[in-house]
Amino acid sequence: MVKENRSDEGSGLNERLARGLREHRSEVVDELLSTFGRRIQNVAYLILGSQADAEEVVIDTMVTAWQNGGELRDPDALPAWLMTIATRLALTRRRRVGAALPLLPADADRIQGDQGPSIDRIALLDAMSELPPRMRAAIVLHYYADLTVEGVAAVLDRSPNTVKSQLREGLARLRVQLDEDQELGPHADA
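A. Examining the overall build of the chain more closely. In terms of helices and strands, the chain carries 8 helices and 0 strands. If you list the helices and strands of the chain from N to C, you get α-α-α-α-α-α-α-α. The proportion of buried residues among the 190 residues of the chain is 42%. When contacts within the chain are restricted to residue pairs at least 6 apart in sequence, those whose partners lie at least 24 apart make up 69%. Accessible surface, the chain as shown: approximately 10,000 Å² in total, 50% of it carbon and sulfur.

Here it is, written out as structure tokens:
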């Protein structure tokens, strides 16, 4: 699994990483992976529902960043730029492969960190797998990756109002799905 070091994120680190990308220094890829890799992998996993596909998105994101590092003008935009690349790659992969795989309870710990899987978390992941790809991406980017509405709009190349609508509709669908799951209870299939 990709390790991530969020505590080092900051303007100085972003500046150094952006400069490394522009200068095509090989060690910058390792630093990008350790700083942003886990977040990229988790966002891709939540969009795709496949750990293998999410890992491919991380690799493809690093290759794309390496190839296009000269395009990054504002070092403080590095995290959002990487998230944009990863999200677009994940959405493209999802269109190419088809529907997302269901997020299985056994996979829940992959995006948990140190916390153990919970029934609520598993139910949420299952409900999210029912959302359309862009709506799912908007929710993941806003609530998991902590991007603003404007940041999500930039990543998804949509207007902020469209993103707000997707977030509102997505949350409403999740509430309905989670309420139905709660009403059915844990032994509904028995």
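B. Spatial organisation of the side chain of T61. Inspection of the secondary structure puts T61 in helix α3 (residues 51-68). Exposure remark for T61: the relative accessible area of 0% places this residue in the buried category. Residues within four places of T61 in sequence aside, it is in contact with I40, L82, I85, A86 and L89.

C. Local environment of the pattern of salt bridges. Following the criterion strictly, the structure yields 8 salt bridges and no others. Between R16 and E31 there is a salt bridge, and its shortest N-O distance comes to 2.3 Å. With R16 in helix α1 (residues 11-22) and E31 in helix α2 (residues 27-48), this residue pair connects regions lying 15 residues apart in the sequence. Salt-bridge contacts for R25 lead to E23; the nearest nitrogen and oxygen are separated by 3.7 Å. Judged by its relative accessible area of 47%, E23 is partly exposed. One network of salt bridges, with partners in common, ties together E15, R19 and R22.

D. A look at the environment of R22. Note on placement: R22 falls in helix α1. Accessibility expressed as a relative area gives 32% for R22, which makes it partly exposed. Through-space distance from the C-alpha of R22 to that of R73 is 9.5 Å; in sequence the pair is 51 residues apart. Excluding residues within four positions of it along the chain, R22 makes contact with E15, G69, G70, L72 and R73. Of the polar contacts made by the side chain of R22, one reaches the backbone oxygen of L72; its length is 3.2 Å.

E. Local environment of the nonpolar core. Ranked by internal contacts, the top residues of the largest apolar core, which has 48 residues, are L32, I40, L78, W81, L82, L141 and L156. Secondary structure elements with two or more residues in this core: α1, α2, α3, α4 (78-97), α5 (119-128), α6 (133-144), α7 (149-156) and α8 (160-184). When residues in this core are grouped by element, the largest group, 10 residues, is from α2. Not counting the four nearest positions on each side in its chain, L78 is found in contact with N14, L17, A18, L21, L32, F36 and L72.

F. Fine view of α3. For α3, spanning 18 residues, the distance from its first C-alpha to its last is 25 Å, which sits close to the expected 26 Å at 1.5 Å a residue. Taken together, the buried positions of α3 are occupied by Q51, D53, A54, V57, V58, T61, M62 and A65.

G. View of the environment of R175. Position of R175 relative to the elements: it lies in helix α8. Residue R175 is classed as exposed on the basis of its relative accessible area, which comes to 53%. Remark: the alpha-carbon pair of R175 and L124, spanning 51 residues in sequence, is separated by 9.3 Å.

H. Geometry of the packing of α1 against α2. Close contact between α1 and α2 brings their axes to 9 Å; oriented N to C, the two are set at 140°. Between α1 and α2, the interaxial angle falls into the category oblique. For the element pair α1 and α2, the recorded crossing hand is left-handed. Here L13, N14, R16, L17, G20 and L21 of α1 come into contact with α2, specifically with V28, E31, L32, T35 and F36. Class assignment of the residues belonging to the contact of α1 with α2 gives a composition of 6 nonpolar, 3 polar and 2 charged.

Basis of the calculations
Residues numbered from 1 in each chain as written. Predicted model: local features only at pLDDT ≥ 70, side-chain atom pairs only at ≥ 80, totals over all residues. Heavy atoms only, no water. Helix = DSSP H or I, 4+ residues; strand = E, 2+ residues; numbered from the N terminus. Buried < 20%, exposed > 50% of the residue type's maximum accessible area, 1.4 Å probe, protein only. Contact = heavy atoms within 4.5 Å. Areas by Shrake-Rupley, 256 points an atom, 1.4 Å probe, with all protein chains shown as cover. Salt bridge = Lys/Arg side-chain N within 4 Å of Asp/Glu carboxyl O. Polar contact = N/O pair within 3.5 Å; in protein donor to acceptor, adjacent residues only side chain to side chain. Core = buried A, V, L, I, M, F, W, Y, C linked by side-chain atoms within 4.5 Å. Expected span 1.5 Å × (residues − 1). Axes fitted to C-alpha atoms, helices over the stretch in contact; angles between N-to-C directions. Parallel < 35°, antiparallel > 145°, perpendicular 65-115°, else oblique. Left-handed = near helix turned anticlockwise from the far one by under 90°. Nonpolar A, V, L, I, M, F, W, Y, C, P; charged D, E, K, R; others polar.

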